[in-house]
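Survey of secondary and tertiary structure
Each chain, letter by letter, is given below.
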Amino acid sequence: KNSDSLVPEVEALLSEAAKELTKVLSDRSSIDAKKTVNSVSNKYLGSLQDLMTTLDQCTVHYIRCFNPNDKRQPGLFMQKYVLDQVIQCGTVELVKIMHDGFPNRCNLKDLRARFAAMLPSCLQNLNDRNFMSGIMEAFKIPKKDWTVGVTQLFLKAGQLRMLEGLRDSGATASEEMVKDIRRHFARKRLRGAFIVATTVVRFADCRKRQIYHRIRKIVRNYGRIGRWLERARETLNPKRKEKALMQAQREQEQREQEERARMEAQKAQEAQEVAPPAPMSRESLAAILGAAFKTPSAIPTNGYSPQLFLALNSDEDGQFATFLQSDINMSNPIADDMLRQWQRNMTESVLFHDGRQVISARLSSTRFLRMPTGGGSDASQNLDDLRRVDCHETGRAFPLGSRQAASQVIPAVTCMCQNRLDRQLFATCDELNRIAMWWWVGTDPSDLDRPALRMMGGLCPHLEQGTSVYHMTFLSPEVLPRRILDKGGRVLVLLTHKQ
């Protein structure tokens, strides 16, 4: 198997033949048993070794051949057929790699010996790397077409040929080129010095951080030791702890007194700029509102009757109010105490609409609650913070009689209504026939600039010109379609007349 040699006896007979032609057909190497068998594989390995020896002695060039046509005919060139071979064989990708990469890689020492005459003698003392960089910089070869390694210069296709052309033409660097080379190396040295200085500074900063961490660790350990000593002193002397607590309480009270004094001084300073209205009695409020509850002459002449609304100031304790409305258990004494405490702290707003403007007053329910002793409270000072509300422009409430209320142009409100289930939800229509739905937030005497209401989706489109709104109301949820209720929607009905 895998051997084309004859039997040694036959080889011996052929070698002893009388005729010369018969002797040539024999192989003396196969007769000697000590020698290697002349098999097919040995012949192949010998031929391969001879080929490698020949290739090592030559300069290798890769040649890729393509068939000009698929008919095997001379003088016929099929462009599409050849293009398919170029694409399928990867020639396009190979050319792209050669274009993007650096196919020419030359040893720096060999290049310097070959192109040494291109630079003057004043630059011959440079090392190989800087010498070739100087040549490339002097003859303005683009930086993207070459790069210098440790021992080799990498060039893109065509750049080595250009260097050979410059050498063959006898090109040498001019004085201006020499100046450019020196400036280039000066900038390079300056950049290196900057990098070294930056590294030193960073090392110093790192050293400082290490020292800082050590100091921080020492301080932390010192604090732990101090706390351990404090606990040991408290254990040995219990009265010391009581004295420390009393001292801490006195310091806390002193800080609270200073904070209250600071807050009072700040409120007094703000009151000098814009003083909020003082608490008003029920009779004073009725007089300012025009005595609408006493005399029929105060009713507007446009046929619209005054309206009075009550709304909870939703910004004070909204989450607790929701708990009281849904999750409260009146049989629980804790919930009863929470309700009583909430009632003392909660306030409401009275909104009065006279057909032209909306006026709000702050109503405190504390004075209406019975005291634990069973006595009543004086309700003459239950209304304060009287303001005029801008329902369609800024959403703010301006104190009556202030300069802000006098300078602000507030559109007249011709119609107003309140949601029966959601008492903080209102709808209004102004003299420009703009419909707005808003959520009452409430007023705060200490903050005059805070909006008193929040728009629900912005102003609705204007009604047609010549349309008068006589009345508006929210539809009850019992008559609303399910698709509107699922999205939390509300329906507002208007009673209008078009002239």
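Computed from a prediction, not measured in an experiment: that's the story for all the values here.

1. A short note on the overall build of the protein chain
- Summing up its helical and strand segments, the protein chain has 15 helices and 14 strands in all.
- In the protein chain, buried positions account for 26% of the 499 residues.
- For the protein chain, the proportion of contacts with a sequence separation of at least 24, taken over those separated by at least 6, is 55%.
- When the accessible surface of the protein chain is split by element, carbon and sulfur atoms take 56% of a total near 34,900 Å².

2. Regarding helix α6 (residues 108-115)
- Listed in full, the buried residues belonging to α6 are L108, L111, R112 and F115. The buried residues of α6 all sit within an arc of 100° when viewed along its axis, so they share a single face. Exposed residues pointing more than 90 degrees away from the buried face of α6 are listed as K109, D110 and A113.
- Buried residues along α6 sit in contact with β1 (104-107), α7 (128-138), β2 (146-148), β3 (152-155) and α8 (159-168).
- A side-chain oxygen of the first residue of α6 lies 2.9 Å from the backbone nitrogen of K109; this N-cap is N107.

3. Digging into the sheet that holds β2
- With antiparallel pairing, 3 strands are arranged side by side in an open sheet as β1-β3-β2. Among the strands making up the open sheet, the edge pair consists of β1 and β2. Strand-to-strand twist in this sheet, taken as the mean axis angle between neighbours without regard to direction, amounts to 20°.
- By the bridge criterion, 3 bridges tie β2 to β3 in an arrangement that is antiparallel. Its bridge partner lying in β3, T147 is registered against F154.

4. With respect to the packing of aromatic side chains
- Under the defined criterion, the tally for this structure stands at 3 aromatic pairs.
- Ring geometry for F426 versus W438: centroids 4.9 Å apart, planes at 15°, classification stacked. With F426 in strand β10 (residues 425-430) and W438 in strand β11 (residues 435-440), this residue pair connects regions lying 12 residues apart in the sequence. Here the two residues F426 and W438 agree in accessibility, since each one is buried.
- Of the aromatic side chains, those joined through ring pairs into one cluster are F309, F426, W438 and W440.
- The ring of F131 carries R112 above its face, with NZ or CZ at 4.6 Å from the centroid.
- Its end group placed over the ring of W146, K143 keeps NZ or CZ at 3.9 Å from the ring centre.

5. Section: the pattern of salt bridges
- Evaluation of the coordinates by the stated rule reveals 16 salt bridges.
- Between D128 and R112 there is a salt bridge whose closest N-O contact spans 3.1 Å. Taken together, the positions of D128 in helix α7 and R112 in helix α6 put the pair 16 residues apart, joining distant regions of the chain.
- Where E259 meets R262, a salt bridge forms, and the shortest distance between an N and an O atom there is 2.4 Å. Here R262 and E259 lie together in helix α10 (residues 238-273), a separation of 3 residues that amounts to about one turn.
- Counted as one network, the salt bridges with shared partners bring together K140, E176, D180 and R183.

6. Some details on the side chain of N433
- By the secondary structure assignment, N433 is in the loop between β10 and β11.
- A distance of 2.9 Å separates a polar atom in the side chain of N433 from the backbone oxygen of T467.

7. Some words on a positive patch on the surface
- Side chains of R216, K217, R220, R224, R227 and R231 sit close together on the surface and give a patch of like positive charge.
- Structurally, K217 is set in helix α9 (residues 175-236).
- A relative accessible area of 52% means that K217 is categorised as exposed.

8. Describing a nonpolar patch on the surface
- Among the surface-exposed residues, Y44, L45, L48, L51, M52 and L55 lie close enough to one another that they form a single nonpolar patch of about 580 Å² accessible area.
- Along the chain, the position of L48 falls in helix α3 (residues 40-56).
- The exposure class assigned to L48 is partly exposed, which follows from its relative accessible area of 36%.

Each value, and the rule that gives it
- Residues numbered from 1 in each chain as written.
- Predicted model: local features only at pLDDT ≥ 70, side-chain atom pairs only at ≥ 80, totals over all residues.
- Heavy atoms only, no water.
- Helix = DSSP H or I, 4+ residues; strand = E, 2+ residues; numbered from the N terminus.
- Buried < 20%, exposed > 50% of the residue type's maximum accessible area, 1.4 Å probe, protein only.
- Contact = heavy atoms within 4.5 Å.
- Areas by Shrake-Rupley, 256 points an atom, 1.4 Å probe, with all protein chains shown as cover.
- Arc of directions from axis to C-beta.
- Polar contact = N/O pair within 3.5 Å; in protein donor to acceptor, adjacent residues only side chain to side chain.
- Pairing = 2+ DSSP bridges.
- Axes fitted to C-alpha atoms, helices over the stretch in contact; angles between N-to-C directions.
- Phe/Tyr/Trp six-rings, centres within 6.5 Å; stacked < 30°, edge-to-face > 60°.
- Lys NZ or Arg CZ within 6 Å of the ring centre and 35° of its normal.
- Salt bridge = Lys/Arg side-chain N within 4 Å of Asp/Glu carboxyl O.
- Patch = residues over 30% accessible without salt bridge, like charges linked within 9 Å, V, L, I, M, F, W, Y side chains within 5 Å.
- Lys, Arg positive; Asp, Glu negative; His and termini not counted.
- Charge placed at Lys NZ, Arg CZ, Asp CG, Glu CD.

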